[in-house]
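Here is what each chain is made of, one letter per residue.
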Amino acid sequence: MGHDGVLGARLEALLNKVEPQEAGYGAGVSVFREGSLLGQAWIGEAAPGRAWSKTTPVLTWSVSKGIVSILVALLARDGPIDPDCPISTYWPEFGSGSKNGLSLMDVMTHQAGLAWLPKAEAMPSFGSTTGWAQTETIEDALATMASIPDQTGQVGYHALTFGWLIEGCLRRATGKGLNAHLQHMIGVVDGIDMSFGTRSSAVKRALAKPGVPHIGLEKAAAVDEAFADAENPLRKSLCVPTGMTFSEVLRATEDDAFLAAETPAMSLISDANSLARVYSLFATAERVDGEILIDNAGRDEAIRGRAETDEDAITGGARKMAVGFVLNSPPSISLAPGDRVFGHPGMGGSLAWGDPETGLGFAYLTNASIPDTVTDARAVELSNFVWSVVCET
């Protein structure tokens, strides 16, 4: 365990309070303001017998979607794409199946009606290692399939297709995929180390090993029950075979073939410091000293509310969307108390957010995976603490 920065000791104490004190589990939290570190802390183990460090990388699940959204905002600012244009403008084959008018904005607000892939042998599945890298096959399937009846125009969480649809569009518009854009536009910033997936042996050796702690077993059992239902929409959107357990899915994410596939909606690998700094730089925009990721207008356009529902068609619960970012959506999704906070949680507990009013960037990453239908209580307590200390004093 350890800490840095003026808030570090207090963050470490709070991590020790909220995290399960079980062998093999740990967490890291980091807070930046206007691009500078306020505090970071880390405790526990990244894997049995291996201590968590300030640079421990974590597979962040849907926290990934926030970084995808930042990349789209940067590309929209620079001109290669317009999220409001029909996807078929860039990807002509996508116009089939009555999808001709669907835009990138529809995808990024989870209203495209394409929340899961069609059933086919070659499609990716957590029950197999062979389909994740079949990018061309996945994109062809999405281009030719029809939108799912009764979902188009409604907010229904596109758990994995979110990333494949955006990447398919960007590759055709720019000639590069999301990981190439990430390394070119964000990876060059000092102190930031992240990627969609990895082939690096060193990263895989350092990667936090996920699992379900004892205090999460009851909630994991509820997920297992949902995954046993062949018609469960979240199971289908996550490419989980019927009857596979949450713990088995976690183990599958450690497979080399899965890690190498760069699945952009869920495979971002990052440490807490890198995530918090990116969010702080994006939130601060033109006010930051030094590295400016985006101008104020581009940031404001990206985090403006675009769609909302009290009952997401896939996950249930409230969801309020900006351009890919989720906004505070009580009672289901809590980021931090600010009116303009934007970010994204990840399955199992991790969370990252930014706030344009304060320039804050926050990231909490854990390998003690506790699934829930609302934002993880550990993440909420840490976020509220940071907000109260920094914004209310």
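Residues numbered from 1 in each chain as written. Predicted model: local features only at pLDDT ≥ 70, side-chain atom pairs only at ≥ 80, totals over all residues. Heavy atoms only, no water.

### Some words on the environment of Leu335
- Along the polypeptide, Leu335 turns up in the loop between strand 10 (326-327) and strand 11 (342-345).
- Since its relative accessible area comes to 2%, Leu335 is described here as buried.
- Along the primary structure Leu335 and Thr129 are separated by 206 residues, whereas in three dimensions their C-alpha atoms are 33 Å apart.
- Once you skip the residues sitting within four places of it in the chain, Leu335 turns out to touch Val326, Leu327, Asn328, Val341, Phe342, Gly343, His344, Leu351, Trp353 and Ser383. (Helix = DSSP H or I, 4+ residues; strand = E, 2+ residues; numbered from the N terminus. Buried < 20%, exposed > 50% of the residue type's maximum accessible area, 1.4 Å probe, protein only. Contact = heavy atoms within 4.5 Å.)

### Concerning helix 12 (residues 272-284)
- With 13 residues, helix 12 extends 18 Å between its outermost C-alpha atoms, agreeing within 8% with the 18 Å of an ideal straight helix rising 1.5 Å per residue.
- The backbone nitrogen of Asn273 lies 3.0 Å from a side-chain oxygen of the residue at the head of helix 12, namely Asp271.
- After helix 12 finishes, the residue Ala285 shows a positive phi value of roughly 55°. (Expected span 1.5 Å × (residues − 1). Polar contact = N/O pair within 3.5 Å; in protein donor to acceptor, adjacent residues only side chain to side chain.)

### Considerations on the nonpolar core
- Residues Ile67, Phe126, Ile166, Ile186, Leu275, Phe282 and Phe325 are the most contacted members of the largest nonpolar core, which totals 101 residues.
- Ignoring sequence-local partners within four residues, the contact set of Phe325 consists of Gly66, Ser69, Ile70, Tyr279, Phe282, Ala302, Ile303, Lys320, Phe342 and Gly343.
- Among the nonpolar cores identified, the runner-up in size contains 29 residues, and Leu7, Val18, Leu335 and Leu360 belong to it. (Core = buried A, V, L, I, M, F, W, Y, C linked by side-chain atoms within 4.5 Å.)

### Examining the sheet that holds strand 6 (residues 194-196)
- On the basis of which strands lie adjacent, the open sheet formed by three strands has the order 5-7-6 and antiparallel pairing. With one partner strand each, in any of the chains shown, strand 5 (58-59) and strand 6 form the two edges of the open sheet.
- Where strand 6 meets strand 7 (residues 268-270), three bridges bridge the pair, whose relative direction is antiparallel. Residue pairing across strands places Phe196 opposite Leu268, the latter belonging to strand 7.
- Along the sheet, helix 2 (residues 64-78) contacts strand 6 and strand 7; its crossing angle with strand 6, the most-contacted strand, is approximately 95°. (Pairing = 2+ DSSP bridges. Axes fitted to C-alpha atoms, helices over the stretch in contact; angles between N-to-C directions.)

### Focus on the packing of aromatic side chains
- Evaluated as defined, the whole model comprises 13 aromatic pairs.
- An angle of 90° between the planes, with centres 5.0 Å apart, marks the rings of Trp132 and Phe258 as edge-to-face. Linking Trp132 in the loop between helix 3 (104-108) and helix 4 (135-144) with Phe258 in helix 11 (residues 256-260), this pair joins segments that are 126 residues apart in sequence.
- Under the relative-accessibility criterion, Trp132 is labelled buried at 2%. (Phe/Tyr/Trp six-rings, centres within 6.5 Å; stacked < 30°, edge-to-face > 60°.)

### Looking at the pairing of strand 11
- Alternating residues of strand 11 divide into Phe342 and His344 and Gly343 and Pro345, and every residue in both groups is buried.
- When strand 10 meets strand 11, the two strands line up antiparallel, connected through two bridges. In the strand pairing of strand 11, Val326 is matched with Gly343.
- Note: strand 11 against strand 12 (residues 351-355), four bridges, orientation antiparallel. Of the residues in strand 12, the one forming a bridge with Pro345 is Leu351.

### Brief notes about unusual backbone geometry
- Cis geometry marks the peptide bond from Pro330 to Pro331, where omega comes out at 5°.
- Within the element layout of this structure, Pro331 appears in the loop between strand 10 and strand 11.
- With a phi close to 60°, His110 is a non-glycine residue in the positive phi region.
- Its location among the elements puts His110 in the loop between helix 3 and helix 4.
- Note on His110: relative accessible area 0%, which makes it buried.
- The residue Cys239 is not glycine, and still its phi comes out positive at about 60°.
- Positionally, Cys239 belongs in the loop between helix 9 (233-237) and helix 10 (246-252).

### A few points about the packing of helix 2 against helix 5 (residues 161-174)
- Contact geometry for helix 2 and helix 5: axes closest at 11 Å, N-to-C directions at 25°. Relative to helix 5, the element helix 2 lies roughly parallel. For helix 2 against helix 5, the interelement crossing comes out left-handed. Touching Lys65, Val68, Ser69, Val72 and Leu75 of helix 2 are Phe162, Ile166 and Leu170, all from helix 5.
- Here the residues of the contact of helix 2 with helix 5 sort into six nonpolar, one polar and one charged. (Parallel < 35°, antiparallel > 145°, perpendicular 65-115°, else oblique. Left-handed = near helix turned anticlockwise from the far one by under 90°. Nonpolar A, V, L, I, M, F, W, Y, C, P; charged D, E, K, R; others polar.)

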